[in-house]
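Coordinate analysis (summary)
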Amino acid sequence: MVKLPLDISWSDLRGELIQKLVPGEAEEEELIRLRGKLERELTQSLEAERLKAVAEVHGSAARDTWIAGDRDIDLFIILDGEYSRKILPEVLDVVKAYVKTGWVEAYAEHPYIKAMIDGYDVDFVPCFRVDPKRGLKSATDRTPLHTTYVLLHFKEDARDDVKLLKRFMKGVGVYGADLKVGGFSGYLCELLVI
């Protein structure tokens with residue numbers, strides 16, 4: 001625990017906290033390298049199976065709202081809108097072949113793959129490219145739209161403010177939209193800051 005003087009200003013306190021929450025250059029470069037590798041290689045694997053799809057990182061790693069020390073990546077497999085949900089098992093088979101070993105099939109609204117890659121927890125989540133005016137095929141179709149919205153509406157210090165809010169919520173045990181926590185998602189933190 002860091003001890004700070006009781007008479008510290010909010011500006012100074014915020015600066016001290018941000019220094020601890022913002023990933024360092026080496027950590028950021030490592031994430032960028034792995035992100036690019038995963039997107040490139042999985043997209044090539046999907047193309048080799050003649051699937052119209054692209055792998056894209058979304059979530060905090062895409063919006064630069066991840067906190068130093070967090071080691072998770074949300075990799076979305078964005079399928080062409082012409083596909084139906086019947087294609088999902090075939091897509092997940094491509095992911096399993098790409099990961100090779102150590103993967104776990106998890107379930108939310110539909111199955112996805114969890115794996116540990118280079119020390120990062122990676123979720124491989126299929127979704128569909130959709131026109132939001134025409135509706136969704138799955139709940140995960142929203143995530144690429146969320147990324148676009150957040151990146152368009154962030155102001156200068158928004159990312160730092162999101163990191164502060166996330167750290168506070170983690171500290172009081174309300175961060176995490178999963179069933180275990182039932183709290184605030186990273187996206188909701190971003191919207192609150194916006």
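Above this text you will find the structure in question.
Residues numbered from 1 in each chain as written. Predicted model: local features only at pLDDT ≥ 70, side-chain atom pairs only at ≥ 80, totals over all residues. Heavy atoms only, no water.

1. What about helix α2 (residues 25-48)?
With 24 residues, α2 extends 34 Å from end C-alpha to end C-alpha; this agrees with the ideal 34 Å at 1.5 Å per step. For α2, the set of buried residues is Glu27, Leu31, Leu34, Leu38, Glu39, Leu42, Thr43 and Leu46. Contact partners of the buried residues in α2: β1 (53-58), α3 (60-63), β2 (72-79), α4 (88-99), β4 (111-117) and β5 (120-128). Looking at the residues trailing α2, positive phi occurs at Arg50, about 60 degrees. (Helix = DSSP H or I, 4+ residues; strand = E, 2+ residues; numbered from the N terminus. Expected span 1.5 Å × (residues − 1). Buried < 20%, exposed > 50% of the residue type's maximum accessible area, 1.4 Å probe, protein only. Contact = heavy atoms within 4.5 Å.)

2. Section: unusual backbone geometry
Despite not being glycine, Asp64 shows a phi value in the positive range, around 55 degrees. Here Asp118, not a glycine, exhibits a phi torsion of approximately 50 degrees, which is positive. By the element assignment, Asp118 lies in the loop between β4 and β5. You can call Asp118 partly exposed: its relative accessible area is 41%.

3. Some thoughts on the sheet that holds β2
Spatially, five strands are ordered β1-β2-β5-β4-β3 in an open sheet, and the strand pairing comes out mixed. Each end of this open sheet is capped by a strand with a single partner; those strands are β1 and β3 (104-107). Strand-to-strand twist in this sheet, taken as the mean axis angle between neighbours without regard to direction, amounts to 30 degrees. Taken together, the five bridges between β4 and β5 define a ladder with antiparallel strand orientation. Pairing of Ile117 across the sheet is with Tyr120, part of β5. (Pairing = 2+ DSSP bridges. Axes fitted to C-alpha atoms, helices over the stretch in contact; angles between N-to-C directions.)

4. Regarding the packing of aromatic side chains
Applying the stated criterion to the full structure yields one aromatic pair. Each ring, one from Tyr98 and one from Phe124, has its centre 6.5 Å from the other, and the planes form 70 degrees; the classification is edge-to-face. Within this pair, whereas Tyr98 is found in helix α4, its partner Phe124 is found in strand β5, the two being separated by 26 residues in sequence. The same class applies to Tyr98 and to Phe124, which are both buried. (Phe/Tyr/Trp six-rings, centres within 6.5 Å; stacked < 30°, edge-to-face > 60°.)

5. Section: a nonpolar patch on the surface
Taken together, the side chains of Tyr149, Phe168, Val172, Val174, Phe184, Leu188, Leu191, Leu192 and Ile194 present a nonpolar region at the surface, about 740 Å² in accessible area. With three residues, the top contributor of residues to the nonpolar patch is helix α7 (residues 186-193). Leu192 sits in the exposed class, given a relative accessible area of 51%. (Patch = residues over 30% accessible without salt bridge, like charges linked within 9 Å, V, L, I, M, F, W, Y side chains within 5 Å. Areas by Shrake-Rupley, 256 points an atom, 1.4 Å probe, with all protein chains shown as cover. Salt bridge = Lys/Arg side-chain N within 4 Å of Asp/Glu carboxyl O.)

6. Things to note about the packing of helix α6 (residues 158-171) against α7
Two numbers describe how α6 lies on α7: the axes approach to 9 Å, and their chain directions differ by 125 degrees. Classified by the angle between their axes, α6 and α7 sit oblique to one another. Of the two possible hands of crossing, α6 and α7 adopt the one that is right-handed. On α7, the residues that touch Ala158, Asp161, Val162, Leu165, Lys166 and Met169 of α6 are Gly186, Cys189, Glu190, Leu192 and Val193. (Parallel < 35°, antiparallel > 145°, perpendicular 65-115°, else oblique. Left-handed = near helix turned anticlockwise from the far one by under 90°.)

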